[in-house]
Each structure stands twice: as structure tokens, then as C-alpha cells.
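# Architecture and fold: a report
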Amino acid sequence: FKNLNKKDIKHTMPVETYQSITADYFLKKAKSDSGFVTISPATPSATGLTKDIREQLGDHYTDVGIAEEHAVAYASGIAKAGGTPVLSVMSSFIQRTYDQLSQDLALNNSPATILIFGGGIYGADMTHLGIFDISMMSNIPNLVYLAPTNKEEYTAMLDWATVQKEHPVAIRVPSGEVISTGKPDTTDYSKLNKYKVLESGNEIAIIAAGDMLETGKALKKELSKKLNISATLINPIYLTGVDAEVLSNLKSNHILVITLESGIIDGGFGEKVSRYYSDSPYVKVVNYGAKKEFTDRMTTEQLYKKYHLTPQLIMNDIINYYR
């Protein structure tokens, strides 16, 4: 060890991921809640539940095998019986469970928690795409679908979801590197469909959901630099509804609202915002996200260019609009 230089030591340090954050949270939850159980449909390592974590969880962990449908129904039953189930599942596999999400979980308003991993636009093969979960899950009654943008929001959402008894709650776990604000998130998530207005501005509003918030921040800088526009930046948090108060307030001094989401546009979050403004002649809404299609092993960079999901390409669209 004494022969290692500082550079070597840096590379041997464990890197925090949203999977490791989840695993640590589960271990603490198991100690404080005797009714806590985390469920996996045969994909534990992909969601942070490595062998050593599973061994530490003991009876607080169960694997139902490749049976996502059963996993959702099982979680619903545990929640209805007073337990605290948390199902961790990949976005590409949750689509198998529509009936169970709707009729076993949401219809009964069972307060189970579902963590969706791997949601987003990235270069997977066509059977493992993570772009369909928002359009599928955000339109089921009673189900609350949350999109955290950083570590603190994610853990605060977990805290709320696993103690509240009013709704089934799904959380779209962020992808990529962990982003941390360094301060606790004190949001009251029981006040449904309340957006966070991060920065108030005028003319253009950017509503960027989940992982797309960083793109939204970069776009705001581009707008300031190239068009001298101080755009409003909004973190919607909720994928299952709109904040009528926030959207109504934008009408007074905004002419363009841009929505960003890492999923298909058809039936997605952005369309809810478009519908809200459908009878507002002075506000134009442009939805950015993936096209409704199957892609196969395209790189993330190729997909973002194809869907105009870079700040520069969105800027070009905006400049053309202003012309």
C-alpha cells in the first residue's frame, strides 16, 4: 500500500452511484422497519443489490425470478397488508406489468414503492429500451410517478414514498453520475403535482424532467448568451400531473414553453403541458424527447442529435422560431 501514489489511491476509491445509494438506503430501512421488504424480478445487481447486500438484507430481500407481473402484484399485497415493499425493476421490463400496475396496484391504491432503473434515452438494443415507462405509467390513475434530479431529491422521495399510505408511488431513479446539492431536500411530496420553479425569468420557460434538468440548465445559459433571454427554469418533479398554478402564471410573460424528457414524446410528460395550453393562443409549447420508434444499438450521442436534445440544437430551433 505504501508504494501507491495519490493517483492510484484515487482510482481505488469506491464511486457512489444511484445503485449504491439505493442499497445503503435499503440496509438502513431494514434496521428501522421490520415490515420492509425489497423485491427483485431476477435483476438485483443491476439495481444495486449485489450478493453481499442481499446477504445483509436477509429476509428483507426476496427475488421472485423473471416474473415482473408477479412482483408488482406481490408488492401490492404486501402494502395492503401493512408492510413496506419496494420493488426495484428495470424500465425495459416494467412494460410487462401494465395490468398489474393498473388493476392490482393502482386500482387498490396500495402504497407500494416501485423504483424504475435504466429509464432514459441511451444506446440499448431494441428489446432493452428505457423510453416507454413514462408514457405507460404516468397515465394510470392513482399512481404517482416522481422524477428526481439529484441524490437529495431521490432519498427524500424514498423517505416519503415508504411511509405514506395514500398512493402507490414510482420513482424514476436518475441515470448517470450522481449529482448532489449538498443540502437536504425539504420538499413536501404529499402536495401532489407541485413544480419547483428553480429560476424565474420571462419569454421562454424550460420545464426539464429528471435527468434532462442538466440539459435545461445548459439551454438556459445558451439563451442568455445568444439571445439575451433570461429563461424560467422549472423542475416538474411529478410525471403524472401538471401544476396548474405554475403553468397559469407563465401566461403573463412567456410566449414559449419547452418541455424536456428522456422518453418518448407520445403520451409522455410534455404532452400534458401541451394539453394544458391548448386553449391559450399566446403560449406555444414545444415538446422534446424521443420519437415513438424502436432503435437498435445507436449511441446516446446519435440519439440526442436525432431528437434535437442538445442545447445547441434546441437553440437552433428557438432561433428559427423567433425568426
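Report on the accompanying structure. (Residues numbered from 1 in each chain as written. Predicted model: local features only at pLDDT ≥ 70, side-chain atom pairs only at ≥ 80, totals over all residues. Heavy atoms only, no water.)

### Notes on the pairing of strand β10 (residues 254-264)
For a regular strand, side-chain orientation follows a simple rule: the groups alternate between the two sheet faces. Condition: Burial classes follow relative accessibility: with a 1.4 Å probe on protein chains only, a residue under 20% of its type's maximum area counts as buried, one over 50% as exposed, and anything between as partly exposed. Here a strand is any run of E in DSSP of at least two residues, a helix any run of H or I of at least four, and the numbering for each starts at the N terminus. DSSP calls a pair of strands paired once it identifies at least 2 bridges connecting them. Note on handedness: a crossover is taken as right-handed if, strands pointing away from the viewer, the path from the first strand over the helix to the second is clockwise.
Most of β10 is tucked away: ten of the eleven residues are buried. Bridge analysis of strand β8 (residues 203-208) against β10 gives six bridges, and the strand direction is parallel. Looking across to β10, one finds that Ile206 is bridged to Ile258. Two strands pair when backbone bridges link them, and β10 and strand β11 (residues 284-290) are joined in this way by six bridges, in the parallel orientation. When the bridges of β11 are listed, Thr259 appears paired with Asn287. Following the chain from β10 across helix α11 (residues 269-276) to the adjacent parallel β11, one finds a crossover that is right-handed.

### A look at the pairing of strand β9 (residues 232-235)
Residues of β9 alternate between two faces, with Thr232 and Ile234 on one and Leu233 and Asn235 on the opposite face, all of them buried. Pairing of strand β7 (residues 196-199) with β9 involves three bridges; the strand directions are antiparallel. Directly across from Lys196, in β9, lies its bridge partner Asn235. With three bridges joining them, β8 and β9 adopt parallel strand pairing. The residue of β9 that forms the bridge with Ala205 is Thr232. After leaving β8, the chain enters helix α9 (residues 213-227) and then returns to the sheet as β9, a path that is right-handed.

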